[in-house]
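# Summary of structural features
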Amino acid sequence: MIGNKELHYTGKGTDLAALQSHIEEYLKTDGFRVQAAGTSEQGSVLQAQKGGFLRGLVDADRALTITIAGSPADYTVRIGIGKWIEHIAVAVIETLLISDLFLVVDVAETAWNFEIEDKLVKDIETFVG
């Protein structure tokens, strides 16, 4: 899918909770409103919206959506545009990870998504090492 990145890591031994926290802080520092679903055996989900900028480019119900799934030695991080899910913290995470969280995006969203994704991917790569 255009505007959807998938990063796969093996043999890193990364603390996935620390990675999630790092991504949350990175996004908050960049001016995003962030919400997270509780972590489960299937992984975790983060969503981020950026106030007026995002709302000016795309529908108000869209958000940058990040999933982290797997084990510290073998995990995948997916980044893309998805539908903002109100109160994601109380949503059932297994349903979120099984369902299609990411949306097909139009040209304006794709351009915005590429810019944000590239910055976030570089930051994740630095954190993971």
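Residues numbered from 1 in each chain as written. Predicted model: local features only at pLDDT ≥ 70, side-chain atom pairs only at ≥ 80, totals over all residues. Heavy atoms only, no water.

A word on the overall build of the protein. What the protein contains, in helices and strands, is four helices and five strands. In the protein, the order of α-helices and β-strands from amino to carboxyl end is β-α-β-β-α-β-β-α-α. A total of 129 residues make up the protein; the buried ones form 43% of that total. Total accessible area computed for the protein in this model is approximately 6500 Å², and 56% of it derives from carbon and sulfur atoms. (Helix = DSSP H or I, 4+ residues; strand = E, 2+ residues; numbered from the N terminus. Buried < 20%, exposed > 50% of the residue type's maximum accessible area, 1.4 Å probe, protein only. Areas by Shrake-Rupley, 256 points an atom, 1.4 Å probe, with all protein chains shown as cover.)

Summarising burial for strand S4 (residues 62-71): seven of the 10 residues are buried, a large majority. Pairing analysis gives five bridges linking strand S3 (residues 44-49) to S4, with the strands arranged antiparallel. Bridge pairing links Ser44 to Ile68 in S4. As judged from the 10 bridges shared by S4 and strand S5 (residues 74-83), these two strands associate in the antiparallel manner. From the neighbouring strand, Thr67 faces S5, where its bridge partner is Arg78. Here S4 folds back onto S5 in antiparallel fashion, the turn holding two residues. (Pairing = 2+ DSSP bridges.)

Looking now at the nonpolar core. In terms of nonpolar packing, the biggest core is built from 21 residues, with Leu19, Ile23, Ile66, Val77, Ile79 and Ile124 touching the most fellow members. Elements that contribute at least two residues to this core include exactly strand S1 (5-10), helix H1 (16-29), S3, S4, S5 and helix H4 (107-128). Here this core takes five residues from H4, the largest share from any one element. By size, the runner-up hydrophobic cluster in this structure holds five residues, among which are Ala37, Val45, Ile88 and Phe102. (Core = buried A, V, L, I, M, F, W, Y, C linked by side-chain atoms within 4.5 Å.)

Turning next to the side chain of Thr76. Its place among the elements puts Thr76 in strand S5. Side-chain polar atoms of Thr76 contact the side chain of His8, separated by 2.9 Å. (Polar contact = N/O pair within 3.5 Å; in protein donor to acceptor, adjacent residues only side chain to side chain.)

A sheet is described by the order of its strands in space; here five strands give the open sequence S1-S5-S4-S3-S2, paired in antiparallel fashion. Looking at which strands have only one partner, the edges of the open sheet turn out to be S1 and strand S2 (33-36). The average angle at which neighbouring strand axes cross in this sheet is 15°, direction not considered. Across the sheet, H1 touches S2, S3, S4 and S5, and the angle it forms with S4 is around 165°. (Axes fitted to C-alpha atoms, helices over the stretch in contact; angles between N-to-C directions. Contact = heavy atoms within 4.5 Å.)

So far we have only geometry, and geometry alone does not tell us how the molecule works.
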